[in-house]
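Residue-level structure breakdown
Residues per chain are reported as follows:
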Amino acid sequence: MSPLVWLPFAPDVLDDPPSDLRYEVVDPTEDVPDTVGDVAFYVPPYQVGPAVAEVMTRMSALRVVQTLTAGVDNLRDRVPPGVTLCNGRGIHDTSTAELALTLILASLRGIPGFVRAQDRREWSPGWRPALADKRVLIVGYGAVGAAIEARLVPFEVDVVRVARSAREGVHPISALPDLLPEADVVVLIVPLTAETRGLVDAGFLARLKDGALLVNVSRGPVVVTDDLVAALRSGRIHAALDVVDPEPLPADSPLWDVPNLLVSPHVGGASSAMWPRAYRLVRDQLHRFAAGEPLANVMSGEY
Ligand SMILES: NC(=O)c1ccc[n+]([C@@H]2O[C@H](COP(=O)([O-])OP(=O)(O)OC[C@H]3O[C@@H](n4cnc5c(N)ncnc54)[C@H](OP(=O)(O)O)[C@@H]3O)[C@@H](O)[C@H]2O)c1
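Residues numbered from 1 in each chain as written. Predicted model: local features only at pLDDT ≥ 70, side-chain atom pairs only at ≥ 80, totals over all residues. Heavy atoms only, no water.

As for the overall build of the chain
The test is simple: A run of DSSP states H or I qualifies as a helix once it reaches four residues; a run of E qualifies as a strand once it reaches two. Both are numbered from the N-terminal end. To get the radius of gyration, use the C-alpha atoms; to get the globule rule, take the number of residues to the power 0.38 and multiply by 2.2 Å. Classification of residues uses two cut-offs on accessible area relative to the type maximum, computed with a 1.4 Å probe and protein chains only: under 20% is buried, over 50% is exposed, and between them is partly exposed. The contact definition used throughout considers only heavy atoms, calling two residues in contact when any of these lie within 4.5 Å. Surface accessibility follows the Shrake-Rupley procedure with a 1.4 Å probe radius. Residue values consider only the protein chains on display as shielding. In this tally Asp and Glu are treated as negative and Lys and Arg as positive; neither His nor the chain ends contributes. To locate a charge, take NZ of a lysine, CZ of an arginine, CG of an aspartate or CD of a glutamate.
Helix and strand counts for the chain stand at eight helices and twelve strands. Over its C-alpha trace the chain gives a radius of gyration of 21 Å, about what one expects of a compact globule, namely 19 Å for 303 residues. Relative to its 303 residues, the chain shows a buried fraction of 47%. Residue pairs in contact within the chain that sit at least 24 positions apart in sequence constitute 58% of those at least 6 positions apart. Carbon and sulfur atoms make up 51% of the accessible area of the chain, which amounts to about 14800 Å² in all. Taking the average location of the 27 positive side-chain charges in the chain and that of its 38 negative ones, the two points are 5 Å from each other.

Below, the structure written as C-alpha cells:
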C-alpha cells in the first residue's frame, strides 16, 4: 500500500500533490482515526499544543514530521527517535517581516498613543522619532532576518546583522555587547535554543542606548520578562513584542501595565501570506518524499 500522509488541510489545495501517496485530513484535537499506526508523513496543524506530541507516540510507521511553524522549540524533543523533523522555514518570512516593520513603525511614530487619543476623541499632535537615519540591529540573520532587512532598506536606515557565526557582512553573536550601545532599534529573530533562552537579560538591556526600541518577533523566552519589565518601568527604553513568556500573556502579567510597550498576540505568521507559502513547501516536500529525494528544512539537534 502507498505511504499515508496526514494533512491539516485538504490535499487539493496543494495544486498537484503526488498521486502515489494516500492522504487523510486530521485534526488530532478533534479525532484520531484508527489509521494512526500507518502514518508515514505527518503535517501537524499550525501552532498546536500537546495533542500533536501525544498522537506522534502512536505513529509506529512515522518517517517524517513537517511543521508549519519555523520554530520547532515546542516539538523538537517530542519527535520519536529516527523520525526526520522538517521545519516551516520560509513559510513565514514575508508575513513576519511585515509585522516586524509594522511594530517598528507603529512604535516609533506613536500609533498606539494616537489610537488611544482617537478613542477619547482627542487631537494629539506631536513630534516622534522617524525610522529614517536610524541604526537597526537584526539579531538572527536567517530567513526571516533577511526578509526584515529587505523591507527596512527603503526606509533609509543603517542595518547591522548578527548571527551565530561571523561571515561577510554578518557579525558573530560575541560582538553583541559592542554593537548594542550603537543601535536605535534591536530586532530579535533567532530560534529559541539553549543558547538564546534568556539572551535578553538585565545586562543586555543595560547596554541599550536611552530611547532604544527592542522588537521581539522570535520567541518569548529569548527575553527575561522580569528584566524587560524593570527596564520599561525605568522609562529608558521602548519595546514591541509579538511573542512573550508565557503565552497567552496572563491577565495579571506586569507587561500589560508597563509604559512604552506595544504587544501583538503572536501573529507574526498569522496572515493571508502564510497559506500559499505553506502549501508550496508541503507540496514540494511531498514530491521529494515520494521520489525518495532529500527533504528540505531538515532539523538536526537544535537545528
Ligand atoms: N513571531 C512569529 O510568528 C514567528 C514567525 C516566524 C519565525 N519566528 C521565530 O523566528 C525564528 C527564526 O526563524 P528563521 O526562519 O529566520 O530561522 P533561520 O533561517 O534558521 O535563521 C535563524 C538565525 O538565527 C541565528 N541564530 C541561531 N542561534 C543564534 C544564537 N545563539 N545567537 C545569534 N544568532 C543565532 C542563526 O545564525 P546562523 O545564520 O549563524 O546559523 C540564523 O541567522 C524561528 O525559529 C521562530 O522561533 C517567529
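Here we look at the UniProt feature "domain: D-isomer specific 2-hydroxyacid dehydrogenase NAD-binding" (unreviewed entry) in the chain
For clarity, the threshold we go by: UniProt positions are given in the numbering used here, feature names are shortened, and annotations may be inferred rather than shown by experiment.
In the numbering used here, UniProt assigns the "domain: D-isomer specific 2-hydroxyacid dehydrogenase NAD-binding" (unreviewed entry) feature to residues 101-268. Helix and strand shares over residues 101-268 are 28% and 17% respectively, and the end C-alpha atoms of the span are 11 Å apart.

A few points about the pattern of salt bridges
Just so we agree on the cut-off: What makes a salt bridge here is a side-chain nitrogen of Lys or Arg within 4 Å of a carboxyl oxygen of Asp or Glu, nothing more.
Counted by the stated rule, this structure contains nine salt bridges. Across the pair Glu122 and Arg120 runs a salt bridge, and its minimum N-O distance is 3.2 Å. A salt bridge links Asp284 to Arg283, with the nearest nitrogen and oxygen atoms 3.2 Å apart. A relative accessible area of 30% means that Asp284 is categorised as partly exposed. Arg283 gets classed as buried once you look at its relative accessible area, which sits at 19%. Residues joined by salt bridges that share partners form a network here, namely Asp15, Arg283 and Asp284.

A word on empty space enclosed by the protein
Just so we agree on the cut-off: Only protein atoms enter the 1 Å grid, on which a cavity is a set of points fitting a 1.4 Å probe that cannot get out and a pocket is an open set with protein on both sides within 12 Å along at least 5 of 7 lines, lining residues being those with an atom within 4 Å of a point. Grid points are joined across faces, edges and corners, and a volume is the space filled by probe spheres set on the points. Gly counts as polar in this scheme, as do all residues outside two lists: the nonpolar Ala, Val, Leu, Ile, Met, Phe, Trp, Tyr, Cys and Pro, and the charged Asp, Glu, Lys and Arg.
This model, assessed by the stated rule, comprises two cavities of 30 Å³ or more. Here the largest cavity is characterised by a volume of approximately 110 Å³. Considering the residues around the largest cavity, the lining is formed by 14 residues, among which Pro45, Gln47, Val48, Thr69 and Leu75 are closest to the centre. Class assignment of the residues belonging to the lining of the largest cavity gives a composition of eight nonpolar, six polar and no charged. In this structure, the second largest cavity spans a volume of roughly 40 Å³. In terms of lining residues, the second largest cavity is bounded by Gly220, Val223, Thr225, Leu228, Leu241, Val243, Val244, Asp245 and Leu255. Counted by class, the lining of the second largest cavity contains six nonpolar, two polar and one charged residues.

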